[in-house]
Amino acid sequence: PLELSQQVHSLRGAMFFGAPDVPGVPEIDLPSLHFGSEKDAIVPLELSQQLAGRFTGAKLVEHSNGHCVPTKPELEREMHLFLKGLRDLPEVEVEGAALEEHSEELECLKDMYGGGEAQIISTSPARLRIRLVDFTSAFFVLPPRYPEECPPVVLVETSDWRVSPFEAELKQAMMDAVDEGSPSIWQMTTAGQEWLEGHMANYTGANAPGQQVQQEEDEPEEETVIPWWDREEIDMEAMRAATVEAAAAGPPPASRDSGSQSYLKPWAYTVGLVGKPSAGKSTFFNSVARYREGKMAEMSERPFTTIDPNIDTAYFAAPSPHEEWGVADCQPELGFIAGGRRATVMLKDVAGLVPGAHSGNGKGNFFLSCLCDADALIHVIDASGQTTEEGALGEGDPVRDIQWVREELHLWIFGNIRRKWDSVRRKAKAQRVTQEAVLERLADLLVGYHTTRSTIFTVLERAGFSVAKIVAGREGIATWGEAEVHRLVAHFLQARFPIVLAMNKADGAKSRANIDRVRAAYPNDVVVPVCARAEWWLKEYARQKQIKYEEGTSQVTVLDAASDQVRERAAVLSTKVLGAFGSTGVLKALTQAVELRKPVFCFPVEDTGTCAAVIHGKTAGPPLATMVMLRPMATLGDAFEALKHDRYLAGQLVRGEVKGINRAIRKDEVLPAVCVVKIMSNRKSSYQRKPGHQPGEAEDSEGEEENGAE
């Protein structure tokens, strides 16, 4: 009764054929069609009538065909009309907090399992399919009241003869793993995979569809050895050796992510903040994010101040070529001028990590999954050494903090790969398998971290693996042990998530010594002394017009309106922070996080002589007012597509010029890291044709301009 009443929350309607009553079920408000027969020798007609009575507005159709799904035309027409009526009903919408919670769980599952393992069918209501093993999947539906009041609905889909007769047992094993009141899809999937593993052990030597027999009957039984991907323990020495090897190799050189659709638009750069609780991540976030009254992230010394991720726009110090070309630095179309050009990135502050987060400790690996879309990370570290690994007051070690946080990031990815490694190994051992098929399967394990296949192949080569020998031979992927996968993960982290070490609370008594220790231990890393609370304080009282402060510098001026307390505090910060380090370090750390990925900063202009900018709503704007950030190794063609995406330009690319290069630039030519570009197309954008026109407004015409129009 409970299962039936819970499952109807996800349905638009139901049909029952010779179905008996289920005592104890309350009245169900759901469109239903029931078929029953007086000749049914299995389920008496009166039981089907009783079941129909439990549904509001149910229709019962009687027939004379016994216990079956009737096929007479007049009965099929009843089904057709019922289904047609359901089709015309509006989809059940999931709204508010439930929709947000469902969406977060879907995205985390997709990131954990990868696009090849998890397929999102719809988001409202949430439906997804997750592969359990070859030929067997679980189809989940999340009812509107999931997870607080009911579990998800799960259906087993299989074409494996070894599983089909046991679908009910498999489903029950998955339902037994439901954690009432909490998201449970991952637990249910894991339980299903474990049940199948034990079940398949009963079929040693029996081949599933499409698989060859693994063992001849006359072969002697081998001693059971648990493969490394099925063991609970992890070879920590192999992991640390791989991490040291990748760190010694340094960050990979800037390269183009071939095939990435992201080159067709400006780079929406995202920086993630990581670190243990109470290290100062939320303070760092507030000190650099866009100020909005009453919208600051909570700041506190207690652990786990942040639960839900804080996300907002932040400003970094962008390069500007105005001095090189002798033009005044003007107010940019997006961003502002304050001692230099400031441009925007997205900043994401997630909950603090503790040792064991990858296996669920603290707030678990959900928050690690929130970092999947980050382009770079800032590890905020308590340089004072006055908080423990769990964020409580006590003795801490910044060098050790860096090590275990990186281990958590490594083990998060390693754990996701390990759970699916057997499928990669079996793919590589299959008969007549192609190199492309094995590489595709391997790439599926990592594309969930918002990377491209070309990057993954580059990582393979940097880790010492031959892409050409990935299938066969002693270097083939089927022979890889745990150490090889650790090497892959370590080099992948170097390429995908470069890290800036922000040594926060740099004005502490022991901070200087700890900063020196960190620099000695991590010579290839970017280390920035930071005083996030000082930056927040300076900006807060500058907003109150008690001081004048220029971010990123050591300049602070006390104004006449300042109170005595503000004057004293400003004097202390001027000496202990600004004078000692040259700045609070916050702007520098964020800017370094952007520069780690080697973006291209493109300034589109109408005229390379005056540097008059291409700008929305005007024929030409102030000099260098527009800047777009592009991905590494971006070409002229990429710049055109990005500007076209944001409707600065339209039509087809004709040719382009880069200020300082006295020739036409080819479409596939890589642009300088900072460049002033004039791009000519065969049609003007709607902005250029109609000053003041905004996105979404109707056009009077879409006629093409003369060839060569800029």
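The structure this text deals with has already been given above.
Below or above, wherever it landed, is the structure these notes cover. Bear in mind that the values here come from a model prediction, so they are computed numbers and not experimental data.

## Quick word on helix 12 (residues 435–444)
One full turn of an α-helix is made of 3.6 residues, so residues set three or four places apart face in the same direction.
Then step 1. Buried within helix 12 we find Val438, Leu439, Arg441, Leu442, Ala443 and Asp444.
Then step 2. On its buried side, helix 12 packs onto helix 11 (421–429), helix 13 (453–462) and helix 14 (482–496).

## Overview of the sheet that holds strand 20 (residues 628–630)
Then step 1. The strand order 20-17-22-21 describes an open sheet built from four strands, whose pairing is mixed. Sheet topology places strand 20 and strand 21 (650–658) at the edges, where each strand pairs with a single neighbour. With direction set aside, neighbouring strand axes in the sheet form an average angle of 40 degrees.
Then step 2. Sheet topology note: the strand 17 (residues 600–604)/strand 20 ladder contains three bridges and is antiparallel. Along strand 20, the bridge assignment pairs Phe601 with Met629.
Then step 3. Contacts from helix 19 (residues 636–645) reach strand 17, strand 20, strand 21 and strand 22 (674–683), with the element oriented near 135 degrees to strand 21.

## Observations regarding the nonpolar core
Then step 1. In terms of nonpolar packing, the biggest core is built from 69 residues, with Ile413, Trp421, Ile477 and Trp480 touching the most fellow members.
Then step 2. Of all the elements, helix 10 (residues 398–419) adds the most residues to this core, at eight residues.

## As for the side chain of Ser384
Then step 1. Mapped onto the elements of the fold, Ser384 is located in the loop between strand 12 (376–382) and helix 10.
Then step 2. Given a relative accessible area of 6%, Ser384 falls into the buried group.
Then step 3. Within the structure, the side chain of Ser384 is placed 2.5 Å from the side chain of Asp382, a separation counted as a polar contact.
Then step 4. At 3.4 Å, the side chain of Ser384 forms a polar contact with the backbone nitrogen of Gln386.
Then step 5. In contact with Ser384, other than residues within four places in its own chain, are Asn504, Lys505, Lys510, Ser511 and Asn514.

## Description of the pattern of salt bridges
Then step 1. Tallied over the full model, the rule gives 28 salt bridges.
Then step 2. Here Asp160 ties to Arg162 by a salt bridge, and the two come within 3.0 Å at their closest N and O atoms.
Then step 3. Arg162 gets classed as buried once you look at its relative accessible area, which sits at 8%.
Then step 4. Where Arg426 meets Asp422, a salt bridge forms, and the shortest distance between an N and an O atom there is 3.2 Å. Residue Arg426 and its partner Asp422 are located together in helix 11, separated by four residues, close to a single helical turn.
Then step 5. The structure contains a network of salt bridges with shared partners spanning Glu117, Arg131, Asp134, Asp422, Arg425, Arg426 and Arg441.

## Quick notes on unusual backbone geometry
Then step 1. Although it is not a glycine, Phe135 sits at a positive phi angle of roughly 75 degrees.
Then step 2. Mapped onto the secondary structure, Phe135 falls in the loop between strand 5 (126–133) and strand 6 (136–142).
Then step 3. Phi at Ser278 is positive, roughly 70 degrees, even though this residue is not glycine.
Then step 4. You can see Ser278 is positioned in the loop between strand 8 (270–274) and helix 8 (281–288).
Then step 5. Look at Ser278 and you get buried, because its relative accessible area is 12%.

## A few points about the packing of aromatic side chains
Then step 1. Applying the stated criterion across every chain, the model contains 14 aromatic pairs.
Then step 2. The interplanar angle of 25 degrees and the centroid separation of 6.2 Å between the aromatic rings of Trp228 and Phe414 together place this pair among those described as stacked. A residue pair is termed long-range when its members are at least 10 positions apart, and Trp228 in the loop between helix 6 (185–200) and helix 7 (236–249) and Phe414 in helix 10 qualify at 186 residues.
Then step 3. Seen from their ring centres, Tyr315 and Phe336 are 4.9 Å apart, and the 65 degrees between their planes marks the pair as edge-to-face. Residue Tyr315 is located in strand 9 (residues 310–317), and its partner Phe336 is located in strand 10 (residues 336–337); the two are separated by 21 residues in the primary sequence.
Then step 4. The class for Tyr315 is buried, based on a relative accessible area of 19%.

## Details of the sheet that holds strand 2 (residues 32–37)
Backbone-to-backbone hydrogen bonds pair the strands of a sheet. The strands run either parallel or antiparallel.
Then step 1. Read across the open sheet, the three strands follow the order 1-2-3; overall the sheet is parallel. Pairing within the sheet leaves two strands with one partner each, and these edge strands are strand 1 (14–17) and strand 3 (59–63). Each strand axis lies, on average, 15 degrees off the axis of its neighbour in the sheet, ignoring direction.
Then step 2. Sheet topology note: the strand 2/strand 3 ladder contains five bridges and is parallel. Each residue of the ladder has a partner; that of Leu33, found in strand 3, is Lys59.
Then step 3. Helix 2 (residues 45–52) rests against strand 1, strand 2 and strand 3 of the sheet, and its axis sits at about 170 degrees to strand 2.

## With respect to the pairing of strand 1
Then step 1. Here strand 1 shows a clear split, with Ala14 and Phe16 buried on one side and none of Met15 and Phe17 buried on the other.
Then step 2. Bridge count between strand 1 and strand 2: four bridges; the pairing is parallel. Bridge assignment links Phe17 to a residue of strand 2, and that residue is Phe35.

## Side note on the environment of Ser287
Then step 1. Note that Ser287 resides in helix 8.
Then step 2. With 246 residues separating them in the primary sequence, Ser287 and Arg533 have C-alpha atoms 7.3 Å apart.
Then step 3. Residue contacts for Ser287: discarding those within four places in its chain leaves Ala532, Glu535, Trp536, Lys539 and Val586.
Then step 4. Only 2.7 Å separates the side chain of Ser287 from the backbone oxygen of Phe284, close enough to count as a polar contact.

## Description of helix 5 (residues 167–175)
Then step 1. Within helix 5, burial applies to Leu170, Ala173 and Met174. Along the axis of helix 5, the buried positions cluster into a sector of 100 degrees, meaning they face one direction only.
Then step 2. In this structure, the buried side of helix 5 is in contact with strand 5, strand 6, strand 7 (153–158) and helix 6.

Quick notes on the rules
Residues numbered from 1 in each chain as written. Predicted model: local features only at pLDDT ≥ 70, side-chain atom pairs only at ≥ 80, totals over all residues. Heavy atoms only, no water. Buried < 20%, exposed > 50% of the residue type's maximum accessible area, 1.4 Å probe, protein only. Helix = DSSP H or I, 4+ residues; strand = E, 2+ residues; numbered from the N terminus. Contact = heavy atoms within 4.5 Å. Pairing = 2+ DSSP bridges. Axes fitted to C-alpha atoms, helices over the stretch in contact; angles between N-to-C directions. Core = buried A, V, L, I, M, F, W, Y, C linked by side-chain atoms within 4.5 Å. Polar contact = N/O pair within 3.5 Å; in protein donor to acceptor, adjacent residues only side chain to side chain. Salt bridge = Lys/Arg side-chain N within 4 Å of Asp/Glu carboxyl O. Phe/Tyr/Trp six-rings, centres within 6.5 Å; stacked < 30°, edge-to-face > 60°. Arc of directions from axis to C-beta.

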